Amino acid sequence: MERLLENQVAVVTGAAQGIGFEIARTLNQHGARVVLADLDGDAAERAARDIAGEGIAGEGTETTGVACNVTSEDQVRSLIRQTVDQHGRIDVFVNNAGITRDASMKKMTVEDFDAVISVHLRGTWLGVREASAVMREQKSGSIVNISSLSGKSGNPGQTNYSAAKAGIVGLTKAAAKEVAHHNVRVNAVQPGLIRTPMTAAMPPDVFAQREADVPMKRAGEPAEVAGAVVFLGSPLSSYITGTVIEVGGGRYM
Ligand code: NAD
């Protein structure tokens with residue numbers, strides 16, 4: 001396998017499980033040293049050890065797990081500072097951390113709305129601001145924000161989540177324009193229905209119905225999202241910024 005991120009440094013938020021874990025694992029397989037950040041610091045450390053234990057990436061490609069709540073300005077700043085202290089640079093930063101608080105508008109509380117907006121929008125904005133500050137000094141870097149096809153189509157029961165995920169697209173494009181002349185790229189990925197702990201929480205009949213609506217007739221795997229992230233993080237996409245890649249098996253095309 002050609003390694004696309006040899007000697008690079010990557011940070012992934014929400015990396016203890018699901019899509020974030022697979023993104024971290026795939027970046028590491030491509031030669032990057034990866035910092036896995038998660039609200040659950042112990043789980044992040046375990047995930048980092050699991051990846052290191054696979055021993056695929058080899059020398060100089062260590063993984064680290066750290067606690068970080070992406071809604072906290074101080075904690076995101078300290079994640080960036082720790083990474084630069086340890087590795088000297090940040091080449092790829094992936095804003096992946098996310099939550100759902102699904103309910104119809106009749107039942108959704110203001111707390112459900114604020115929590116989802118805060119993790120996705122405030123969290124992604126903090127990650128973009130802090131990572132791009134380091135990258136503009138380096139005159140290189142790639143930021144990848146994990147949106148969702150829910151932000152394109154709007155899902156009933158997800159007025160909070162759909163708003164946050166659509167907001168990530170606007171944030172991605174605005175930030176991309178601000179930092180493009182520093183050779184810093186900002187792109188987004190919109191996964192469709194992906195098999196993770198987040199979607200395992202859905203009632204099986206709802207999951208099956210959503211799967212039936214996908215033109216490719218199956219849910220996606222986290223590794224299929226990770227492939228798009230590696231592409232956007234690597235020199236293969238060196239002239240691509242402000243874009244959104246859909247990883248949805250043709251859903252909502
Ligand atoms: P998941 O619930 O399996 O994992 C999310 C991770 O984020 C967890 O480890 C959790 O601890 C962490 N996290 C939550 N809040 C955090 C915070 N404040 N700070 C730091 N970490 C935090 O979810 P997933 O399915 O792997 O989703 C990952 C991303 O992909 C999310 O942004 C999600 O919205 C998006 N996405 C998922 C799907 C899907 O079908 N699974 C589809 C489209 C988009």
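Everything in this summary refers to the structure shown in the same document. In every chain, residue numbers begin from 1 and rise along the written sequence. Where totals are concerned, whole chains, interfaces and linings use all residues; where local detail is concerned, this predicted model gives features only for residues with pLDDT of at least 70, and gives and counts side-chain atom pairs only at 80 or more. The side-chain numbers reported here are obtained from all heavy atoms of the structure, hydrogens and water having been left aside.

Digging into empty space enclosed by the protein
- For each structure, a 1 Å grid was placed over the protein atoms alone; sets of points admitting a 1.4 Å probe that cannot get out are labelled cavities, open sets with protein on both sides within 12 Å along at least five of seven lines are labelled pockets, and lining residues have an atom within 4 Å of a point. Grid points are joined across faces, edges and corners, and a volume is the space filled by probe spheres set on the points. According to the stated counting rule, one finds 1 cavity of 30 Å³ or more in the structure shown.
- What the largest cavity holds in volume is close to 30 Å³.
- The secondary structure listing takes helices from DSSP runs of H or I that are at least 4 residues long and strands from runs of E that are at least 2 residues long, numbered from the N terminus. Sorting the residues of the lining of the largest cavity by element identifies β3 (63-67) and α3 (73-87) as the ones contributing at least two each.
- Taken together, the residues of the lining of the largest cavity sort by class into 3 nonpolar, 4 polar and no charged. Each residue receives one of three labels: charged for Asp, Glu, Lys and Arg, nonpolar for Ala, Val, Leu, Ile, Met, Phe, Trp, Tyr, Cys and Pro, and polar for the others, Gly being one of them.

Some thoughts on the nonpolar core
- We define a nonpolar core as any set of buried Ala, Val, Leu, Ile, Met, Phe, Trp, Tyr and Cys residues linked to one another through side-chain atoms lying within 4.5 Å. Here the term buried applies to any residue with accessible area under 20% of the maximum for its type, exposed to any over 50%, and partly exposed to those in between, with areas from a 1.4 Å probe on protein chains only. Formed by 29 residues in total, the largest nonpolar core has its most connected members in I23, L27, L36 and V189.
- A total of 6 residues in this core trace back to one element, the largest contributor, which is helix α9 (residues 222-233).
- With near-sequence residues (within four places) excluded, V189 lies in contact with V144, N145, I146, S147, S148, V225, A228, V229, L232, I245 and V247.
- Residues V11, V66, A131 and V134 belong to the second largest nonpolar core, which totals 21 residues. Only heavy atoms matter for contacts: two residues are in contact if any of them lie within 4.5 Å across the pair.

Quick notes on the site of the ligand
- The cutoff for a nearby residue is simple: one of its non-hydrogen atoms must lie within 4 Å of the molecule or strand. Near the ligand there are 29 residues, and of these I19, D38, N96, Y161 and T196 occur at the shortest range.
- Identification of polar contacts relies on pairs of N or O atoms within 3.5 Å, with a donor-acceptor requirement for protein atoms, meaning one able to donate a hydrogen and the other able to accept it, and with residues adjacent in sequence counted only if both atoms are side-chain atoms. The contact in question runs from an oxygen atom of the ligand to an N or O atom on the backbone of N96, over 2.7 Å.
- Among the cavities detected, the one that contains the ligand is the largest pocket.
- Elements with a contribution of two residues or more to the shell around the ligand: α1 (18-29), α4 (110-138), α6 (159-179) and α7 (197-200).
- The element best represented in the shell around the ligand is α7, accounting for 3 residues.
- Grouping the amino acids of the shell around the ligand by side-chain chemistry returns 15 nonpolar, 12 polar and 2 charged. For this analysis, a molecule is said to be in a pocket or cavity if more than half of its atoms are within 2 Å of the grid points defining it.

Here we look at the sheet that holds strand β2 (residues 33-38)
- The parallel open sheet is built from 7 strands, whose spatial order is β3-β2-β1-β4-β5-β6-β7. This sheet does not close on itself; its edge strands, each paired only once, are β3 and β7 (244-247). Strand-to-strand twist across the sheet, computed as the mean angle between neighbouring axes with direction ignored, equals 20°.
- For two strands to pair, DSSP has to find at least two bridges joining them. Summarising the sheet, strand β6 (residues 184-191) and β7 pair through 4 bridges and their orientation is parallel. Bridge pairing in β7 places V189 opposite I245.
- Contacts from helix α2 (residues 41-54) reach β2 and β3 within the one sheet, and its direction differs from that of β3 by about 175°. Between N-to-C directions, angles cover 0 to 180 degrees, with each direction set by a line fitted to C-alpha atoms, over the stretch in contact for helices.

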